[in-house]
Structures are given as C-alpha cells and as structure tokens.
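Inside the fold
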Amino acid sequence: MYEKDGEKYFVVDAHMHFWDASRENWREGREQYAKGWIDCFYGYHQLGPPETYWDYERYLKVSEEDLVRDVFEEGHVDVGIFQSTYLKYWYTEGFNTLERNGGLARKHPGKLIANGAFDPRDGDEGLRRLERDAKEYGLKGVKLYTAEWHEDGSRGFKLTDPECYRFLEKAQELGIKNVHAHKGPTIWPLNKDAFSAEDVDAAATDFQDLNFIIEHAGIPRIEDFCFMAVQEPNVYAGCSVVIGGLMHARPKFFAKVLGELLFWVGEDRLTFGSDYNIWTPKWQVEGFVDYQMPDDDQFADYPRLTTATKKKILGLNAAKLYDIPVPAEFQIQETVPAAGE
C-alpha cells in the first residue's frame, strides 16, 4: 500500500516477470539470441533513474527474496500479476514460464497471480496444454507474444489468424477473460513489425466477451493505437514501459503518450505495470503519484491527472479485470453535493 498526502493507493502491478536469463539456460547453438534478448532488456533498464540500476549478473536472474523485497516490501505493490513468456526457441527451460511463475504465486497466495500463455502454432497440443494450465492454475489471463520465434521457422503470428481464433475461442470456453498482448516496443532479435497492433481491432470486435489488454500501448505507434482503442470498449492500454521507459528518460514524450491515452482511451481503461524486473515498481509508483501534466501549451488539450485518475490506473482498473477485492479505504470516495447544490 502506498500513502501520500493522506491518500491511500491500492497498487496492482499488472505486468511482472520472474525470469531466468542465466547463462545456464541459454540454448546451445542459440546463445547469441538469448544474450541479445536480455541485453536489450538491460538497455531498457537503464532508462530508469541511475540510482535504480543493477549490475548485469543480478539482472540475469533474481531470487524469490529479491522479488518479495523489491515488489512488496519496498515497491508499494499490493497484488502482482505475472505475464508468462516462454521463448523456448533460445531459452532451454523457457524465459519466464507459467510453471516458474505459478510456483511462486502458490507460495504467496493473495499477493501474486500467474497468467498463462499460448501460441496458436502449437495446434491441438497447444489447445490441450491451455486447458490443462487453466485447470491447474485457475487462469484468468494469458500473455501473447505475436512476434515470438517458433520451432516451425515462423517469426510471428497475428491475433486474426484462423488458428489464433481457435485459441481465443478456447480461452472464452475456459473462462479466461483477459488477453494481454505485447504490442509496441521490440526486443532484439524479434521483428518490430510483428508487434504492430493492427490485428487487435478485428479480434476485439469478434471476441467482445474478452478483454484485450495491449501491453505497452503500441508505442511508439501511439496515435494508431489510440484511434483503434477508442472504438473498441474491450481494449485496454497496459502502461508498462510507458511509465518505466518514458517517465524518467523521455518526460516530454511521456506526457504526449499519457495525454493521448487519457484523451482517447480514458482513465478507466489504463493499467499500471512496472515490468519488473526490467524496472522496480517503487520509483514508478512514487513518480506517477507525484506526476502532473507539464504546464506547456503543447499539452494544454490533454486531460489533467486527478487523484481518482491515478488510483484507477495504479490499481483499481486491474482489480476489476481480475476480481481482486479492494478494501473500502482504497476506493475512490464519491463527493456528495451539499444541500441546495
């Protein structure tokens, strides 16, 4: 829980990892890709404040104790949501798997939620695995990497692919409501264009009972994302990387991205994610609570951030998506008009 100036914020970190990028996990013959991937993440890491930087060896694989301290004891997070990412094409045991995340979530019930993942290129066996995972872990969400390389030689898929529709139908059938799709910033060696959000529009229209949380809000293609999301009421903007990657390093671009999201998508459909352990949540939560749109003409037509807006983005919106109970003290207090008003 974070408290500032008498206001209490219930924080849901809706985009976390518990990855294993250790050298022992680099797949033989593809070490350059495993190293390139985590090196790219380490570059993103250095977009945060210098005092938050870690040394490279720690960055490769944090311990459970590191995570609990960084996220819950120091990071102000009340509930964290793991977004599983397999990448078994170049990580032998996978990069950030449901098994690894789910095992930790079971040790910290009520504090951690583990989302699954699927890849439509896995066909019928992938559908069976999704069904098993949903039953074993009680899945409420899945994370999709549409640019992920696959053993069949392909370097990505689209949400609108017929095979992907089979998996989205299965997710609906299993009661998995939240589909988190990485769209926006690329990570080497994946292809930037495979992260385009152009396939979200049709999928969101065709699966209106699902929530599509578009992680990283399609940046830098922010206008394209916003003009799509404004017409799809089941599309949300995940603000991981938006806050961690821009708030400190690119403050003017951050103001533009946040302003566009608030204007078009609205404060009820934005979610916070620290992207741990790319960055720790502490400085992001504290910085966002303090943040105000710059007093500059170029930002004058963007909505202002109220305390209620920040509470929604930092936790209340994600809590609704995942049916996370929020104590009354953290809820937004409705103002009751005085008599005669």
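Residues numbered from 1 in each chain as written. Predicted model: local features only at pLDDT ≥ 70, side-chain atom pairs only at ≥ 80, totals over all residues. Heavy atoms only, no water.

What about the pairing of strand 4 (residues 79–83)?
Extensive coverage of strand 4 is indicated by the burial of 5 of its 5 residues. Burial of the side chains of strand 4 extends over both faces: Val 79, Ile 81 and Gln 83 are buried on one face and Gly 80 and Phe 82 on the other. By the bridge criterion, 3 bridges tie strand 3 (residues 12–16) to strand 4 in an arrangement that is parallel. For Met 16, the partnering residue across the bridge sits in strand 4 and is Phe 82. Two elements, strand 4 and strand 5 (residues 112–117), share 4 bridges in a ladder whose sense is parallel. (Buried < 20%, exposed > 50% of the residue type's maximum accessible area, 1.4 Å probe, protein only. Helix = DSSP H or I, 4+ residues; strand = E, 2+ residues; numbered from the N terminus. Pairing = 2+ DSSP bridges.)

Some thoughts on the state of the cysteines
With the rule as written, the count across this model stands at 0 disulfides. Counting only cysteine sulfurs, Cys 239 is the nearest neighbor of Cys 226, a cysteine outside any disulfide, at a range of 10 Å. (Disulfide = S-S within 2.5 Å.)

Re the packing of aromatic side chains
As enumerated under the stated definition, the model contains 29 aromatic pairs in all. Between the aromatic rings of Tyr 91 and Phe 95, the centroid separation amounts to 5.3 Å while the plane-to-plane angle is 40°, which identifies the pairing as tilted. The exposure classification of Tyr 91 matches that of Phe 95, with both residues buried. One cation-aromatic arrangement involves Arg 100 over Phe 18; the distance from NZ or CZ to the ring centre is 3.9 Å. (Phe/Tyr/Trp six-rings, centres within 6.5 Å; stacked < 30°, edge-to-face > 60°. Lys NZ or Arg CZ within 6 Å of the ring centre and 35° of its normal.)

Some details on helix 8 (residues 222–229)
Those residues of helix 8 that sit buried are Ile 222, Phe 225, Cys 226, Met 228 and Ala 229. Down the axis of helix 8, the sector holding all buried residues measures 165°, keeping them to one side. In the core, the buried residues of helix 8 are packed alongside helix 7 (200–206), strand 8 (211–215), strand 9 (235–238) and helix 10 (251–265). (Arc of directions from axis to C-beta. Contact = heavy atoms within 4.5 Å.)

Here's the deal with the environment of Asp 199
Among the secondary structure elements, Asp 199 is positioned in the loop between strand 7 (178–182) and helix 7. We classify Asp 199 as buried; its relative accessible area is 4%. When neighbours within four sequence positions are excluded, Asp 199 is seen to be in contact with Thr 146, Lys 158, Leu 159, Thr 160 and Lys 183. Within polar-contact distance, the side chain of Asp 199 engages the side chain of Lys 183 at 2.9 Å. (Polar contact = N/O pair within 3.5 Å; in protein donor to acceptor, adjacent residues only side chain to side chain.)

Brief notes about the sheet that holds strand 6 (residues 141–144)
What holds strands together in a sheet is hydrogen bonding between their backbones, with the strands either parallel or antiparallel. Read across the sheet, 8 strands follow the order 3-4-5-6-7-8-9-10 without closing on themselves; strand pairing throughout is parallel. If you trace the sheet from one side to the other, it starts and ends with strand 3 and strand 10 (270–271), each paired once. Pairing geometry for strand 9 and strand 10, over 2 bridges, is parallel. Within strand 10, the residue paired with Gly 238 across the bridge is Thr 271. Seen against the sheet, helix 4 (residues 98–107) touches strand 4 and strand 5 and runs at an angle of roughly 160° to strand 5. (Axes fitted to C-alpha atoms, helices over the stretch in contact; angles between N-to-C directions.)

Details of the layout of surface pockets
In this structure, the largest pocket spans a volume of roughly 430 Å³. Elements represented by at least two residues in the lining of the largest pocket include exactly helix 5 (123–137) and strand 6. Tallying contributions element by element places helix 5 first for the lining of the largest pocket, with 4 residues. Residues of the lining of the largest pocket, tallied by class, amount to 9 nonpolar, 4 polar and 9 charged. Reported here for the second largest pocket is a volume of approximately 330 Å³. Considering the residues around the second largest pocket, the lining is formed by 19 residues, among which Ala 105, Gly 110, Leu 112, Ile 113 and Ala 114 are closest to the centre. Looking at the lining of the second largest pocket, its residues break down into 11 nonpolar, 3 polar and 5 charged. (1 Å grid on protein atoms, 1.4 Å probe; cavity = no way out; pocket = protein on both sides within 12 Å on 5 of 7 lines; lining within 4 Å. Points joined across faces, edges and corners; volume = space filled by probe spheres on them. Nonpolar A, V, L, I, M, F, W, Y, C, P; charged D, E, K, R; others polar.)

Quick word on unusual backbone geometry
For the peptide bond that leads from Trp 188 to Pro 189, omega is 10°, which places it in the cis range. When you line up the elements, Pro 189 lands in the loop between strand 7 and helix 7. Ile 219 connects to Pro 220 through a cis peptide bond whose omega is 10°. Residue position: Pro 220 is located in the loop between strand 8 and helix 8. Residues other than glycine seldom take positive phi values, yet His 216 does so here, at roughly 75°. Along the chain, His 216 turns up in the loop between strand 8 and helix 8. His 216 sits in the buried class, given a relative accessible area of 2%.

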